[in-house]
Amino acid sequence: MSNENMAELLFPDVRQLPADIYSLYPPRNLSSSAMVTRFAPSPTGLLNIGGLYATLISERLAHQSNGVFFLRIEDTDKKREVTGSIENIIHSLSYFGIDFDEGPLLIGDEKGTYGPYKQSSRIQIYKVFIKHLVRNGLAYPCFCDADDLQKIKIRQQNLKIRTGYYGKWAKHRDISFLQAKEEILNGKPFVIRLKSLGSADRRITYHDLVKGPIELPENDQDIVIMKTDGLPTYHFAHTIDDHLMGTTHVIRGDEWLSSVPIHIQLFETLGFKIPEYGHIAPIMKQVGASKRKFSKRKDLDGTAEYYKEQGYPGLAISEYFMNLINSDFEEWRMANSHQSFRDFFIHTDKMNASGALLDMNKLNDISKDVISKLTSKQVFDHLYTWSKEFDSELYSLIDKNKEYTVHILDIGRTMKKPRKDYAKWSDVKPMIAYFYDEWFEKDVLGDYKLPTNVSFNVAKEIVLGFSKTYRFNNEKDAWFHEIKELAGKLGFAKDMKQFKANPNHYKGHVGDVAMVIRVALTNRTTTPDLYDIMKVMGEKRVLARMQTFVGHSI
């Protein structure tokens, strides 16, 4: 009876019982092999790259098993919450192509019937179960303040024993109803603690989805399950939510490995089925000759937002992560080049348990490959969307020149082995800038970048001579024939074989002549195919640029 009185004293306004809550969250109607997974971030800043990695694993496990993947926002720590974090999380998941079946939406609504999906909207649910534990003598109020806890810790340290709030050191473990009532009447703040039945002398064993068999000491600490502000701790809230939402598998960072005994104890105390846990090592960063974890404060490239701002396609990040998740993905991809990465089934027991290295060279190679498979219109659409948010100058220009830009982006894209120029959308602007007259004119103000073996006067002769014979509609062979003939007239070898046989006899070779024309039109020495560039630029622009070059003074 005293436990019942204690429960009513602490939670007089909580009238529901656990059974009332269960009726609102019926078991999911899924096959026995279907997995229910979740991503449950705290909105304390930008989504980090490790969280994105773990989320892709969770999403793949759910969807490859015809299960459910949901997003839950764990926002009970309002002091640490950062404005805009929830929106950033949802935007990031969308950009990187990670679709959740249930969870909060940007418009403030939710999808799914197992919500609310924000913990701050579930406080009353947690209190029902906390009251239930108090009623059954499995939890109690603790009125210790920071000073009380410090005194306990100092005494334990003096005795050279393990510190913590457990066993005989749990000061209020056996507090009576009358004592608790008096403290509350005196306005003393309190937390609710779980009355642990564990012993540090005993061990628990469980099978980790990633790391295999794990043995850990049992939890004997009377952990806090409700803070003085009436909000639940992470440990308690996630237990209730995972049970009610039907979570079957949890993928998370291995910093939570030491919390497994607490979580197993909570599930068992509440009579809930324990989900399967998989703990993944953090993604590492190469710094000089050593590897280290990403730092939230030091590493901008440790956030998902960084890769979005740089313009890495979401698909490229997912493709790269699949290589980190299972090492046999790369072999599968080579044999299935046109299939979606979603057709590959991941296996947690094949995951890297020691922490994968984020290899930027590998990421760039994969990203180039992903972009090379897109049509020029698809590349334009991605570039248009990205630049609208991150590069207003580029956006303004391509918005005015949509069709022209699509043609620019199509150069070298229709071949059997398409060009792989771009690893990210931020790479595109400097590589195509010369096509646009506004940018080209600014560039040549700083002079033309001619090859060192050709003087400017000779270069002018080449460009003037070519402009007189240039015919826009010439096929490529005829176009190159004109360049070779011009080379011969101006004292250049018509081919490399000629030049190598007697280099002192010539000013240079036909390649030098073509290079001068390339520079006159682009002010670059390295570009895609010159003939294709001229076709896209159009006759008027080509002739205007050659005229500008000939009239240029040094």
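To be clear, the structure that these remarks concern was listed above.
Since this is a predicted model, take the numbers as computed values, not measurements.

Draft legend 1. Focus on the pattern of salt bridges. Tallied over the entire structure, the rule returns 38 salt bridges. Across the pair Arg162 and Asp220 runs a salt bridge whose closest N-O atoms are separated by 2.7 Å. Remark: Asp220 occurs in the loop between strand S8 (212-217) and strand S9 (224-226) and Arg162 occurs in the loop between helix H6 (146-158) and helix H7 (177-185); sequence separation between them is 58 residues. Take Arg162: its relative accessible area is 39%, and that puts it in the partly exposed class. The partner of Glu330 in a salt bridge is Lys362, and the shortest N-O contact between them spans 2.6 Å. Of this pair, Glu330 sits in helix H12 (residues 329-335) while Lys362 sits in helix H13 (residues 360-372); the two residues are 32 residues apart in sequence, bridging distant segments of the chain. Glu330 gets classed as partly exposed once you look at its relative accessible area, which sits at 38%. A cluster of three or more residues bridged by salt bridges with shared partners is formed by Arg38, Arg72, Glu74, Arg122, Asp241 and Asp242.

Draft legend 2. Structural view of the pairing of strand S12 (residues 284-287). The pairing of S12 with strand S13 (residues 290-293) spans 4 bridges and is antiparallel. Across the sheet, residue Met284 finds its bridge partner in S13, namely Lys293. Count of turn residues in the S12/S13 antiparallel hairpin: 2 residues, of which Gly288 carries a positive phi of about 65°.

Draft legend 3. Spotlight on unusual backbone geometry. Residue Pro116 is bonded to the preceding Gly115 through a cis peptide linkage, with omega at 0°. Within the secondary structure, Pro116 sits in the loop between strand S4 (110-111) and helix H5 (123-135). The backbone of Asn523 shows a phi angle near 60°, a positive value even though the residue is not glycine. Positionally, Asn523 belongs in the loop between helix H22 (510-522) and helix H23 (530-537).

Draft legend 4. Spotlight on the side chain of Lys285. Of note, Lys285 is situated in strand S12. Among the polar contacts made by the side chain of Lys285, one reaches the side chain of Asp299 at a distance of 3.0 Å. A polar contact is formed between the side chain of Lys285 and the side chain of Asp301, at a distance of 3.1 Å. Excluding residues within four positions of it along the chain, Lys285 makes contact with Ser290, Lys291, Arg292, Phe294, Asp299, Asp301 and Leu357.

Draft legend 5. Quick look at the environment of Ile366. Summarising the element assignment, Ile366 is placed in helix H13. By relative accessible area, Ile366 is classed as buried at 13%. Each C-alpha atom, one on Ile366 and one on Trp332, is 14 Å from the other, the two residues being 34 residues apart in sequence. Residues contacting Ile366, with those up to four places away along its chain left out, are Ala316, Glu319, Tyr320 and Asn323.

Draft legend 6. Molecular detail of the packing of aromatic side chains. Within this structure, the stated rule accounts for 28 aromatic pairs. Look at Tyr404 and Tyr436: their rings are 5.8 Å apart centre to centre, the planes differ by 80°, and that puts the pair in the edge-to-face class. Taken together, the residues Tyr404 in helix H16 (residues 402-410) and Tyr436 in the loop between helix H17 (428-432) and helix H18 (437-444) connect sequence positions 32 residues apart. Neither Tyr404 nor Tyr436 differs from the other in exposure class; each is buried. Here the aromatic rings of Tyr436 and Trp439 are separated by 5.7 Å at their centres, their planes lie at 75°, and the arrangement is edge-to-face. In terms of burial, Tyr436 and Trp439 fall into one category: buried.

Draft legend 7. Inspection of the nonpolar core at higher detail. Residues Phe435, Tyr436, Ile462 and Phe466 are the most contacted members of the largest nonpolar core, which totals 59 residues. Looking at which element gives the most residues to this core, the answer is H22, with 7 residues. Core analysis: the next-biggest nonpolar cluster, separate from the first, contains 50 residues, Leu10, Tyr25, Phe143 and Ile214 among them.

Draft legend 8. Layout of the sheet that holds strand S5 (residues 139-142). Pairing is antiparallel in the open sheet, where 3 strands are placed in the order S5-S6-S9. At either end of the open sheet lies a strand with only one pairing partner, and these are S5 and S9. Within the sheet, the average angular offset between the axes of one strand and its neighbour, ignoring direction, is 45°. The sheet contact formed by S5 and strand S6 (residues 191-194) spans 4 bridges and is antiparallel. Within the sheet, the bridge partner assigned to Ala139 lies in S6 and is Leu194.

Draft legend 9. Structural context of helix H15 (residues 392-400). When H15 is considered as a whole, its buried residues turn out to be Leu394, Tyr395, Leu397 and Ile398. Where H15 is buried, its residues contact helix H14 (376-390), H16, H17 and H18.

Draft legend 10. Summary view of the packing of helix H19 (residues 456-469) against H22. For the pair H19 and H22, the least separation of the axes is 9 Å and the interaxial angle reads 85°. Regarding the angle of H19 to H22, the classification is roughly perpendicular. Contacts between H19 and H22 involve Ala459, Ile462, Val463 and Phe466 from the first element and Val513, Val516, Ile517 and Ala520 from the second. Partitioned by chemical class, the residues of the contact of H19 with H22 number 8 nonpolar, no polar and no charged.

Draft legend 11. Layout of the side chain of Asp75. Residue position: Asp75 is located in the loop between strand S2 (68-71) and helix H4 (85-95). Within polar-contact distance, the side chain of Asp75 engages the backbone nitrogen of Gln119 at 3.2 Å. Polar side-chain contacts of Asp75 include one of 2.6 Å to the side chain of Ser120. Excluding residues that lie within four positions of it along the chain, Asp75 makes contacts with Pro43, Glu81, Lys118, Gln119 and Ser120.

Draft legend 12. Local environment of the pairing of strand S1 (residues 36-39). On S1, burial covers both faces: Val36 and Arg38 on one face and Thr37 and Phe39 on the other are all buried. With 4 bridges joining them, S1 and S2 adopt parallel strand pairing. In the sheet register, Thr37 faces S2, and the bridge partner there is Phe69.

Calculation criteria
- Residues numbered from 1 in each chain as written.
- Predicted model: local features only at pLDDT ≥ 70, side-chain atom pairs only at ≥ 80, totals over all residues.
- Heavy atoms only, no water.
- Salt bridge = Lys/Arg side-chain N within 4 Å of Asp/Glu carboxyl O.
- Helix = DSSP H or I, 4+ residues; strand = E, 2+ residues; numbered from the N terminus.
- Buried < 20%, exposed > 50% of the residue type's maximum accessible area, 1.4 Å probe, protein only.
- Pairing = 2+ DSSP bridges.
- Polar contact = N/O pair within 3.5 Å; in protein donor to acceptor, adjacent residues only side chain to side chain.
- Contact = heavy atoms within 4.5 Å.
- Phe/Tyr/Trp six-rings, centres within 6.5 Å; stacked < 30°, edge-to-face > 60°.
- Core = buried A, V, L, I, M, F, W, Y, C linked by side-chain atoms within 4.5 Å.
- Axes fitted to C-alpha atoms, helices over the stretch in contact; angles between N-to-C directions.
- Parallel < 35°, antiparallel > 145°, perpendicular 65-115°, else oblique.
- Nonpolar A, V, L, I, M, F, W, Y, C, P; charged D, E, K, R; others polar.

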